[in-house]
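Notes for the structure review
So the chains spell out like this:
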Amino acid sequence: MTILANSLVIFFITVGVLFIVVTAIGLVRLPDLYTRAHAASKSATLGVMCVLIGVFFHFWLIEDHFNPRILLGILFLFITGPVGGHIMTRSSYIAGVKPWKGTVRDELGPEIDRMKKEQGVK
């Protein structure tokens with residue numbers, strides 16, 4: 001049982017670290033704020049969640065201590081991470097940060113223009 005528990009813990013922590021490494025590479029290599037924010041919010045959230053799941057299994061299966069606070073932390077991170085990234089990139093777009101010149105499609109621009117026309121704002 002201990003070998004299986006240790007394998008489960010090692011698996012989740014390794015997967016989490018790999019997601020975090022992908023996040024770091026994305027932050028360095030991607031061209032603009034929007035793609036970097038996507039990498040940071042999505043893969044970093046998955047990485048930290050996997051590490052926390054590994055920690056939860058370690059304490060539960062090996063230390064025999066069930067800790068629901070870790071599960072609440074995972075749930076909180078799962079909800080707030082992507083939402084925070086979305087809000088930051090949307091506010092950056094509204095503030096005028098230009099996307100990368102190789103961006104293929106801009107779906108938010110026409111929507112914001114339509115909202116400004118409805119509100120009578122230039």
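Residues numbered from 1 in each chain as written. Predicted model: local features only at pLDDT ≥ 70, side-chain atom pairs only at ≥ 80, totals over all residues. Heavy atoms only, no water.

The protein is annotated in an unreviewed UniProt entry as Monovalent cation/H(+) antiporter subunit G of Lysinibacillus capsici. The Sequence similarities (unreviewed entry) comment attached to the protein in UniProt states, word for word, "Belongs to the CPA3 antiporters (TC 2.A.63) subunit G family." What UniProt states about the protein under its Subcellular location (unreviewed entry) heading is, verbatim, "Membrane". (UniProt positions renumbered as here; feature names shortened; annotations may be inferred.)

Let's shift gears to helix H3 (residues 68-95). Counted at 1.5 Å a residue, the expected span for H3 with its 28 residues is 40 Å, and the 40 Å between its end C-alpha atoms agrees. Residues of H3 that are buried include every one of Ile70, Ile74, Gly81, Gly85, Thr89, Ser92 and Tyr93, and no others. Contacts from the buried residues of H3 go to helix H2 (33-62) and helix H4 (108-119). Capping the start of H3 is the job of one residue whose side-chain oxygen sits 3.1 Å from the backbone nitrogen of Arg69: Asn67. Gly96 sits one or two residues past H3 and shows a positive phi near 105°. (Helix = DSSP H or I, 4+ residues; strand = E, 2+ residues; numbered from the N terminus. Expected span 1.5 Å × (residues − 1). Buried < 20%, exposed > 50% of the residue type's maximum accessible area, 1.4 Å probe, protein only. Contact = heavy atoms within 4.5 Å. Polar contact = N/O pair within 3.5 Å; in protein donor to acceptor, adjacent residues only side chain to side chain.)

There is about 520 Å³ of room inside the largest pocket. Around the largest pocket, the lining is made up of 21 residues, and of these Tyr34, Thr35, Thr89, Tyr93 and Leu108 lie nearest the centre. Elements with a contribution of two residues or more to the lining of the largest pocket: H2 and H3. Residues that form the lining of the largest pocket fall into these classes: seven nonpolar, eight polar and six charged. (1 Å grid on protein atoms, 1.4 Å probe; cavity = no way out; pocket = protein on both sides within 12 Å on 5 of 7 lines; lining within 4 Å. Points joined across faces, edges and corners; volume = space filled by probe spheres on them. Nonpolar A, V, L, I, M, F, W, Y, C, P; charged D, E, K, R; others polar.)

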